[in-house]
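Residue-level listing of the chains:
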Number of protein chains: 2
Amino acid sequence: MSAAREIIPIHALKAVCSSCSLQELCLPLGLAQEEMIQLDDAINQRMPVRRGEALFRLGDAFRSLYAVRTGFFKTVVVSEDGREQVTGFHMAGELMGLDAFGTDQHGCTAIALEDCEVCELPYHRLENLALEIPALNRHLYKLMSREIIRDQGAMLLLGNMRAEERLAVFLLNLSQRMAARGFSSRQFVLRMTREEIGSYLGMKLETVSRTFSRFQQDGWIKVQGKQIEVLDLAAIKQLVSGCIGLQH
Amino acid sequence: MSAAREIIPIHALKAVCSSCSLQELCLPLGLAQEEMIQLDDAINQRMPVRRGEALFRLGDAFRSLYAVRTGFFKTVVVSEDGREQVTGFHMAGELMGLDAFGTDQHGCTAIALEDCEVCELPYHRLENLALEIPALNRHLYKLMSREIIRDQGAMLLLGNMRAEERLAVFLLNLSQRMAARGFSSRQFVLRMTREEIGSYLGMKLETVSRTFSRFQQDGWIKVQGKQIEVLDLAAIKQLVSGCIGLQH
DNA sequence: ATTGGTGCTTGATGAAGGTCAATACGATTA
DNA sequence: TAATCGTATTGACCTTCATCAAGCACCAAT
């Protein structure tokens, strides 16, 4: 199919890192202009992933990192007996696959919760580039390091906090991440089910639902299915004050 | 005190990475002999840390990674309201401080649970060396990546498993790590208190104690204070079968 | 030997959240 | 429009673990 080479796929025409609006949230953070152009070459832009599809699966050979460009992912770990644990939710500008360096296999499965686009960062090219660009290498360290801190925050959450505290931290965290991307921090749509929230927070879907209802009765939020409106941010912050959260 | 320079401190005479028995568990894994000698130069060997002392504290400026040479550490995160969460236990050959790259500050506090020795790996020297030695750089990625996986395992543990499963995973994990270091996997001493175990596993010290007692009644282990003897490994493994554990 | 401190064990009780079940909602398809 | 499937809500009940409390074991210091 050599004829296909003459048809330039539409996504090849799209913006690259050096002109991407997510620069400040994503991998290129802190790079000089010329370094960013080098990075452009190492990246496959705008792979589409449709809702419900897996971008990679636990055990897959590790070939690339992926940055979310648009859309929303969950990552899950499945234990032998089928129990599923959601280990994170990922939105624009966030990197997935950092847990795969260790074993050369992906350590979790990434599923698109809506139609998404990702940038693919082939591992070998990235590694070579990182050795040439110290700032990039350092930033990769930083990103992995932050992932560790984030997970430790989640451990504290799961180990020490009650259901309502967990859900409050979750809402606050989501709200802040929306704000960082220029969306409303007061009104947003949950892309995940109650069960997925529950799995992430270590509680059952019924408890998630009940806790949402209680927050609503208290006038803190308005819930309509997946539509969330934050009414009393201060009250929610009050509840989680003194807790180490799920920073992102 | 220039005269002091003529007194060679005793620890300077001790073994370096290239002749360290922990090579295979520690940072030098996978390096060529000559690369290891370069690493020797970048490392301050055998810093002593006494029981109860902090090697570094949450918020301290990040200057070095530390490898445990002998002894046993805990790392803890303290929330604003004083709640303390143990995030890990660390023994010979394990690296601490990987969570500090992200913010240039340590993200947890490391406390020696017995008299210890550590190797200090100054950050800048290590970073420069990593840029020269691709294998070292890759290994640092791997170590951080494994830390992420480990933390995700802990999340699954805390989110999904019951008290006895958690403690079984904990014992199994400890037993395996002892074995990997040439110690008995059947008999060992817990260096941490019941409260610290409980904090790590997300349960109260009373529950830890009760669960140990139950394991003992079932003939799975023998507990005498901090002395543990594993009597029925198969039964313990059976309990955690199908769980994703705390790999180390 | 006595005292105090810290950590461990064990019992009694209660609260938080899990489980089971019935019902309702909402989006997609027939 | 109806039918269906996945998702969400809510209630009733039960299990697990936290809490409170008492007593014990061990070590260190006086």
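Residues numbered from 1 in each chain as written. Chains lettered and ligands numbered in written order. Predicted model: local features only at pLDDT ≥ 70, side-chain atom pairs only at ≥ 80, totals over all residues. Heavy atoms only, no water.

**Student:** Please clarify how the interface of chain B and chain A should be interpreted in this entry.
**Tutor:** Where the parts come together, the accessible area they lose is often given as the size of the interface. Across the boundary between the two partners, chain B contributes 48 residues, which contact 47 residues of chain A. Of the roughly 4500 Å² buried where chain B meets chain A, counting both sides, 59% is carbon and sulfur surface. At the junction of chain B and chain A, the tally comes to four salt bridges. In this structure, Glu127(B) engages Arg138(A) in a salt bridge whose closest nitrogen and oxygen atoms are separated by 2.6 Å. In this assembly, chain B and chain A are joined by 20 residue pairs in polar contact (both at pLDDT 80 or more). Among the secondary structure elements, those contributing two or more residues to the side of chain B that touches chain A are β4 (73-78), β5 (84-90), α2 (123-132) and α3 (134-160) of chain B. Ranked by the residues each element gives to the side of chain B that touches chain A, the list is headed by α3(B), at 20 residues. Partitioned by chemical class, the residues of the side of chain B that touches chain A number 22 nonpolar, 13 polar and 13 charged. (Contact = heavy atoms within 4.5 Å. Buried area = accessible area lost by both parts, 1.4 Å probe. Salt bridge = Lys/Arg side-chain N within 4 Å of Asp/Glu carboxyl O. Polar contact = N/O pair within 3.5 Å; in protein donor to acceptor, adjacent residues only side chain to side chain. Helix = DSSP H or I, 4+ residues; strand = E, 2+ residues; numbered from the N terminus. Nonpolar A, V, L, I, M, F, W, Y, C, P; charged D, E, K, R; others polar.)

**Student:** Please clarify how the pairing of strand β3 (residues 64-70) of chain A should be interpreted in this entry.
**Tutor:** Consecutive side chains of a regular strand alternate in pointing toward one face of the sheet and then the other. All names here are of chain A. Buried residues dominate β3, accounting for six of its seven residues. Where β3 lies against strand β8 (residues 116-122), six bridges are found, and the strand directions are antiparallel. Its bridge partner being in β8, Ser64 is matched across the sheet by Pro122. When β3 meets strand β6 (residues 95-96), the two strands line up antiparallel, connected through two bridges. Pairing of Tyr66 across the sheet is with Met96, part of β6. (Buried < 20%, exposed > 50% of the residue type's maximum accessible area, 1.4 Å probe, protein only. Pairing = 2+ DSSP bridges.)

**Student:** What is the right way to look at the domain arrangement of chain A in this model?
**Tutor:** Residue and element names in this part refer to chain A. What the domain assignment lists for chain A is domain 1 (2-156) and domain 2 (161-240). Each of domain 1 and domain 2 has a C-alpha centre, and the two are 26 Å apart. Here domain 1 packs against domain 2, burying approximately 1400 Å² in sum over the two surfaces, 60% of which is carbon and sulfur. Between domain 1 and domain 2 we count four salt bridges in total. (Domains from an automatic or database assignment.)

**Student:** Help me understand the protein's contact with DNA strand D, please; the structure alone is not making it clear to me.
**Tutor:** Near DNA strand D, the surroundings consist of 16 residues, among which Arg194(A), Ser213(A), Ala163(B), Thr207(B) and Arg210(B) are the closest. Near-protein atoms of DNA strand D (within 4 Å) split between backbone and bases, with sugar and phosphate holding 63%. Lys204(B) is positioned such that a nitrogen or oxygen atom in its backbone is 3.4 Å from a phosphate oxygen of DNA strand D. Arg210(B) has a polar side-chain atom sitting 2.8 Å from a base oxygen of DNA strand D. Looking at the surface near DNA strand D, the elements with two or more residues in it are α6 (205-217) of chain A together with α6 (205-217) of chain B. When residues of the surface near DNA strand D are assigned to their parent elements, the largest contribution, five residues, is made by α6(A). Class assignment of the residues belonging to the surface near DNA strand D gives a composition of three nonpolar, five polar and eight charged. (Near = heavy atom within 4 Å.)

**Student:** Would you explain the environment of Thr193(B) in this entry?
**Tutor:** Residue and element names in this part refer to chain B. Here Thr193 shows up in the loop between β9 (187-189) and α5 (194-201). For Thr193, a relative accessible area of 34% gives the class partly exposed. Sequence-wise, Thr193 and Gly225 are 32 residues apart; in three dimensions their C-alpha atoms are separated by 9.4 Å.

**Student:** Can you walk me through the packing of helix α3 (residues 134-160) of chain A against α2(B) in this structure?
**Tutor:** Angle between the axes and distance between the axes are the two parameters that describe a pair of packed helices. Between α3(A) and α2(B), whose axes approach to 11 Å, the crossing angle comes to 120 degrees. It follows from the interaxial angle that α3(A) and α2(B) lie oblique. Here α3(A) runs over α2(B); the crossing is right-handed. Contacts between α3(A) and α2(B) involve Pro134(A), Asn137(A), Arg138(A) and Tyr141(A) on the former and, on the latter, Tyr123(B), Glu127(B), Ala130(B) and Leu131(B). Grouping the constituent residues of the contact of α3(A) with α2(B) by class yields five nonpolar, one polar and two charged. (Axes fitted to C-alpha atoms, helices over the stretch in contact; angles between N-to-C directions. Parallel < 35°, antiparallel > 145°, perpendicular 65-115°, else oblique. Left-handed = near helix turned anticlockwise from the far one by under 90°.)

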